[in-house]
Amino acid sequence: MAEIFENPPQIDSNYEPLGAAELVDHDGGSLRLKAGSTIVEVSALAPDLFRVGAFPDGSTPGYDSEAIAKQEWGTVEVSMERSDKEITLSTSAATAHVSLDPLRVSFADASGRSLAADDEEFGMGFSRRPDADVFTQPLGPSPRLYKRREEGERYFGCGERTSGLEKTGSHQIFWNVDPPLGHTASFNNLYTSIPFVFSMTKGRAHGLLFDDPGRIEFDLALEDEDRSYYGAEGGNLVYYVFCGPTPGDVLDRYTELTGRTPMPPLWSLGNQQCRYSYMDEDEVREVARNFRERDIPCDVIHLDIHYMDGYRVFTWNEERFPEPEKLMSELREQGFRVVTIVDPGVKVDENYPVYTEGHERDLFCKTGVGEEYHNAVWPGICAFPDFTNAETREWWGANHSALLDVGVAGIWCDMNEPSLFIPRQSTMPGDVVHPGDDDPKFHAQIHNAYGSLMARAARAGLLKLRPGERPFVITRAGYAGLQRHAMQWTGDNSSWWEHLWMSMPQLQNLGLSGVAWAGVDIGGFGGDANAELLARWAEFGAFQPFCRNHTAIGTRRQEPWAFGEPCESVYRKMMKLRQRLLPYLYSLFEECHRTGAPILRPLLFEYPEDETTYTADDEFLLGDALLVAPITRSGIEHRHVYLPRGCWFHYWTGERFDGPAHVLAHAPLGQPPLYVKANTAVPMAPDMAHTGEGTWDPLTLLLYPTAGADESVLYEDAGDGFDYEDGEYARRTVSCEEAAGSVTVRLSERLGSFVPQRQELRLELRGFGSAPESVEVNGEGADSSYDEETGTVIVSLGETESVITVEIVR
Ligand code: MIG
């Protein structure tokens, strides 16, 4: 099957675009056409979402896919117009134009802007080798799609990538691998595959998801700057077009289709610590003790593969971890939770119940001749669960009881590309068989979904074993939609400045591809970190949705204290800042859960009309209120920062900047360039060693008022469990407006039935040159103070559910 892994040329000589088509049926928002022996369907699923499917040679139309969370879309109001040459389907927000001879499909948004238009010449179709049979083209004809690149269109997204944010002029491969260390710009595909292109055209966004869990390639205006190409190997051609026009519209619809990020347990937003591996109970205790003694916030410690008995999944190594339950309850008393790694490979061992049960129940992948497929991984020779089978997933999920029963809090799915040792860092041969639920598939047909399916099994297992708790599952591999099962960490980066820089575009593109809950290993995994690199990495890492320090076996120690001062103090300061920012971060997670908005987001998400933001990928926004521009080079204390329109305040010095502006930031160690948007409240918790130490009392709303107005949202709930789904949350909008020297801060009514346990809400208003003339809360004199040195006004408010209005006259 080697041929199917070759890079196909963008336009190969065996390609035949679909020709003339005729309408055979239509129904509400859907058209069914026939072009030769190919059935083509064009459907409006929502006003701004269309789906196109092409099914060759009589194959039955169908859209089941691991990427898709929502299949039933209800009826969309569509008007259809028909002529001999063209059929149009118009919704309230967009139009699909289907021209019939030859068949070409294009789209437009409400303003008439053309998007995702088929290339006139090449359109869509299939590549068939003239002598094609099961040996030369085992997966059948190969779907190909050619789209025009609109004038000024620029490409982003594509999931986990090396190099910069913009992907215009690039070749993208989607095929999950465990790549060797390095991950330089010459690396293409990594651990996850999200074949979703997020396009910006002169301020307007749209998206295209090309759905196929086998190998996919895109050419994003590389070979021809006026054209993009999308191709798979075998199967049907299915793609979705998101018409926007704002970045938020695209992500909202994309995550409605592929699934939303679940609400995280609050503890999983705390700082986390890992090493490959903490070798025994004493070493884990020692790490925990250091965090508390050194006053560095930390919520989670991870156990890598050495906790297992001979790397057998769902077991404990009795020498290294003789009393896991005791260890975990001790750690829990100190406010730590434990996450354990789980790999898919199950050791072939007749005395190991996980293997014998999986074998007896026939739950593993097979070779072409029906034998259990084996390969080597950490435990030696292993069998591999067929996660395409629902029974396998249920069995796998239930096996997590061996970990959860002794107190493990979360599960870290590794090696699930899957990564195999023979040959080194390879993956399953394409002709391995997944027997599935009576629908056997070759591995090549489902490869990219394997990691997602493993994560799905873990999440479902955790939900079943602990129904009242929010699962915490990390995955390395996955496919589009993985965000509904797990968060993603980006695998084996290296302790390089280049990788500290790359973390930003990498996480921003993941965010534009639906995977907002993500993070890179702080300090870098491969190779040795040093004091300055680790300190600077913490200055960036504290702002990641997932904040974990991790490093490989045999490398230098990388705990926050490993390099002494000043690194340790910088690390402490940054983790304390993260801990204080948790109410803000948690509110962003809730926004993401509800709307798909990225948490760590590129500037273009908020300022799409400003094309300077399209290349500003060495800085990012956390929500819409914080702009972070980390230092990513050794030995420097200054860097360029682009501030988009609006007014920004430097967090450490209070200096004011009016954007759009290019500024030179001074950033000595411990003061990464961090800017707060004017009039946008940033909710902050008190100092704590871990998330469970206390309630958010007082909860401080940090604000920099200035002429103009803006608002933000504060969301709270129990921090775990599912009562929020029944209305047990507390949400309020905080608006801040300044006109003629008079500042009005208004907290809306508190919505929802959750009652925050605290005495005090506090406003911290910065940027006051002198004591305010007057401060009133709900029209009466207020409990307030002014600090001359920092120019800060503090106003103390009780916690009530009604509207609170604060008036400050400068
Ligand atoms: O072959 O479990 O990316 O985080 O420490 C290496 C050992 C397997 C790869 C993961 C890394 C983890 C390591 N794993």
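Criteria and cut-off values
- Residues numbered from 1 in each chain as written.
- Predicted model: local features only at pLDDT ≥ 70, side-chain atom pairs only at ≥ 80, totals over all residues.
- Heavy atoms only, no water.
- Helix = DSSP H or I, 4+ residues; strand = E, 2+ residues; numbered from the N terminus.
- Buried < 20%, exposed > 50% of the residue type's maximum accessible area, 1.4 Å probe, protein only.
- Areas by Shrake-Rupley, 256 points an atom, 1.4 Å probe, with all protein chains shown as cover.
- Lys, Arg positive; Asp, Glu negative; His and termini not counted.
- Charge placed at Lys NZ, Arg CZ, Asp CG, Glu CD.
- Axes fitted to C-alpha atoms, helices over the stretch in contact; angles between N-to-C directions.
- Parallel < 35°, antiparallel > 145°, perpendicular 65-115°, else oblique.
- Contact = heavy atoms within 4.5 Å.
- Patch = residues over 30% accessible without salt bridge, like charges linked within 9 Å, V, L, I, M, F, W, Y side chains within 5 Å.
- Salt bridge = Lys/Arg side-chain N within 4 Å of Asp/Glu carboxyl O.
- Polar contact = N/O pair within 3.5 Å; in protein donor to acceptor, adjacent residues only side chain to side chain.
- Phe/Tyr/Trp six-rings, centres within 6.5 Å; stacked < 30°, edge-to-face > 60°.
- Lys NZ or Arg CZ within 6 Å of the ring centre and 35° of its normal.
- Pairing = 2+ DSSP bridges.
- Near = heavy atom within 4 Å.
- Nonpolar A, V, L, I, M, F, W, Y, C, P; charged D, E, K, R; others polar.
- Expected span 1.5 Å × (residues − 1).
- Bend = angle between axes of the 7 residues up to and from the residue.

> A description of the overall build of the chain should follow, citing residues and the corresponding values.
Scanning the chain for helices and strands turns up twelve helices and 52 strands. Here the C-alpha coordinates of the chain stretch approximately 85 × 70 × 50 Å along the principal axes. Classification of the 810 residues of the chain by burial places 64% in the buried group. Approximately 28,000 Å² of the chain is accessible, and the part contributed by carbon and sulfur atoms is 47%. Taking the 70 positively charged and 127 negatively charged side chains of the chain as two groups, their mean positions are separated by 1 Å.

> An account of the packing of helix α10 (residues 531-541) against helix α11 (residues 567-595) is requested, with residue identities and associated values reported.
α11 packs onto α10 with a crossing angle of 5 degrees between their chain directions and a minimal axis gap of 9 Å. Considering their axes alone, α10 and α11 lie roughly parallel with respect to each other. The segment α10 lies against α11, with A531, L534, A535, A538, E539 and G541 engaging C567, V570, Y571, M574, M575 and R578.

> Explain a nonpolar patch on the surface to me, and be specific about the residues and the numbers.
There is a patch of nonpolar side chains on the surface, built from W378, F421 and I422 and spanning about 280 Å² of accessible area. Among the structural elements, F421 can be located in the loop between β27 (410-413) and β28 (433-434).

> Mind laying out the side chain of Q483, listing which residues take part and the relevant values?
With respect to the helices and strands, the residue Q483 is situated in the loop between β31 (478-479) and β32 (487-489). A polar contact of 2.6 Å, which involves the side chain of Q483, links it to the backbone oxygen of G259. Beyond its immediate sequence surroundings of up to four residues, Q483 is in contact with Y254, T255, T258, G259, R260, T261, P262, G514 and V515.

> Please provide a residue-by-residue account of the packing of aromatic side chains, values included.
Counted according to the given criterion, the structure contains 39 aromatic pairs. Where W378 meets F421, the ring centres are 5.0 Å apart and the plane angle is 90 degrees; that geometry is what we call edge-to-face. Within this pair, whereas W378 is found in the loop between β25 (374-377) and β26 (380-383), its partner F421 is found in the loop between β27 and β28, the two being separated by 43 residues in sequence. W378 gets classed as partly exposed once you look at its relative accessible area, which sits at 34%. Here F421 falls in the partly exposed class, since its relative accessible area comes to 31%. Looking at R810, its charged tip hangs above the ring of F768, at a distance of 4.3 Å from the centre.

> Give me the lowdown on unusual backbone geometry, citing residues and values where you can.
Cis geometry is found at the peptide bond from D101 to P102, where omega equals 0 degrees. Mapped onto the fold, P102 is located in the loop between β8 (94-100) and β9 (103-109). Following Y276, the chain continues to S277 via a peptide bond in cis, the omega torsion being -5 degrees. Tracing the sequence through the fold places S277 in the loop between β21 (272-273) and α2 (281-293). Backbone geometry places A221, a non-glycine residue, at a positive phi of 60 degrees. Mapped onto the secondary structure, A221 falls in the loop between β18 (216-220) and β19 (227-232). Residues other than glycine seldom take positive phi values, yet A740 does so here, at roughly 50 degrees. Residue class for A740 comes out exposed when judged on its relative accessible area of 86%.

> Give a description of the pairing of β26 that names residues and reports values.
Across two bridges, the pairing between strand β24 (residues 346-347) and β26 is antiparallel. Bridging from a neighbouring strand, K347 pairs with C382 of β26. Pairing analysis gives four bridges linking β25 to β26, with the strands arranged antiparallel. Of the residues in β26, the one forming a bridge with H374 is A383. Joining the antiparallel neighbours β25 and β26 is a turn of two residues.

> I'd like a rundown of a negative patch on the surface, residues and numbers included.
Together, D723, E725, D726 and E728 give the surface a local cluster of negative charge. Locating E725 in the fold gives a position in the loop between β44 (708-717) and β45 (729-739).

> For the site of the ligand, give the residues involved together with the corresponding values.
The environment of the ligand is formed by 13 residues, the closest being D304, D414, R476, D492 and H550. A distance of 2.9 Å separates an oxygen atom of the ligand from a polar atom in the side chain of R476. Between the ligand and H550 there is a distance of 2.9 Å, counted from an oxygen atom to a side-chain nitrogen or oxygen. For the ligand, the protein covers 93% of the area, taking 360 Å² as the surface of the free molecule. Class assignment for the residues of the shell around the ligand results in eight nonpolar, one polar and four charged.

> I'd love a proper account of the environment of G380, names of residues and values included.
Looking at where G380 falls in the secondary structure, it is placed in strand β26. Overall, the relative accessible area of 25% leaves G380 in the partly exposed class. Along the primary structure G380 and F657 are separated by 277 residues, whereas in three dimensions their C-alpha atoms are 59 Å apart.

> So what's going on with helix α9 (residues 497-511)? Which residues, and what values?
Its 15 residues place the ends of α9 22 Å apart at the C-alpha level, agreeing with the 21 Å of an ideal helix rising 1.5 Å per residue. Maximum bend of α9: about 30 degrees, positioned at S503, with proline P505 one to four residues after it. Among the 15 residues of α9, 13 are classified as buried, and the element is accordingly described as predominantly covered.

> Account for the environment of N375, with residues named and values stated.
For N375, the location among the structural elements is in strand β25. Taking the C-alpha atoms as reference points, N375 and V348, 27 residues apart in sequence, are found 9.8 Å from one another. Those residues in contact with N375 that sit more than four places away from it in its chain are G380, I381, C382, F384, L420, F421 and I422. A distance of 2.9 Å separates a polar side-chain atom of N375 from the backbone oxygen of I422.

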